[in-house]
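One letter stands for each residue in the lines below.
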Amino acid sequence: MLSHLPYKYKELLVNLFNRFLAKGFIRVEDILEVIFIPKAGTSGVRPISLLSCILKLLEKIVLKTLAESQSLLPHEQMGFRPSWSCNNSLVTFIIFLELLPAGNF
């Protein structure tokens, strides 16, 4: 949908995103709608937050930027990193266990 926008509207979106990021925060109550769905068989409710597609795009941009910045994620974190999986975590743990008796950790 957004890929079909005319260039001038894409430019407006970029300017809007840059203003959000320069500001450093976005007021959640201005952009988010929370609805409560009753849980089946209980008296509890489940909160569901609704974002517009434009803000979902901004969220993906920020997540990608954070994920690409190695200085923000500790080396031990395997989740939310491209090409990292449970296998990486297991190999790291095995190496740690092998180094443990030698005191090389």
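To keep things clear, this report deals only with the structure shown in the data block. (Residues numbered from 1 in each chain as written. Predicted model: local features only at pLDDT ≥ 70, side-chain atom pairs only at ≥ 80, totals over all residues. Heavy atoms only, no water.)

1. Observations concerning the overall build of the protein chain
When you go through the protein chain residue by residue, the secondary structure sums to 4 helices and 2 strands. Ordered by position from N to C terminus, the α and β elements of the protein chain give α-α-β-β-α-α. Counting all 105 residues of the protein chain, 9% fall into the buried class. A sequence separation of at least 24 residues applies to 23% of the contacts in the protein chain between residues at least 6 apart. In the structure as shown, the protein chain presents an accessible area of about 8900 Å², 64% of it carried by carbon and sulfur atoms. (Helix = DSSP H or I, 4+ residues; strand = E, 2+ residues; numbered from the N terminus. Buried < 20%, exposed > 50% of the residue type's maximum accessible area, 1.4 Å probe, protein only. Contact = heavy atoms within 4.5 Å. Areas by Shrake-Rupley, 256 points an atom, 1.4 Å probe, with all protein chains shown as cover.)

2. Description of the nonpolar core
Among the nonpolar cores identified, the biggest contains 5 residues, and these are L13, F17, F20, L55 and L58. Among the elements of the structure, helix 1 (7-23) and helix 3 (53-68) are those that each provide at least two residues to this core. Here the element with the most residues in this core is helix 1; it accounts for 3 residues. (Core = buried A, V, L, I, M, F, W, Y, C linked by side-chain atoms within 4.5 Å.)

3. Brief notes about the pairing of strand 1 (residues 33-38)
Bridge analysis of strand 1 against strand 2 (residues 45-50) gives 6 bridges, and the strand direction is antiparallel. Each residue of the ladder has a partner; that of I35, found in strand 2, is I48. Where strand 1 folds back onto strand 2 in an antiparallel hairpin, the turn is made up of 6 residues, including G41, whose phi is positive at roughly 80°. (Pairing = 2+ DSSP bridges.)

4. Considerations on the environment of M78
Relative to the helices and strands, M78 resides in the loop between helix 3 and helix 4 (86-99). Each C-alpha atom of the pair M78 and S89 lies 6.4 Å from the other, and the pair is 11 residues apart in sequence. In this structure M78 touches W84, S85, N88, S89 and T92, once residues within four positions along its chain are discounted.

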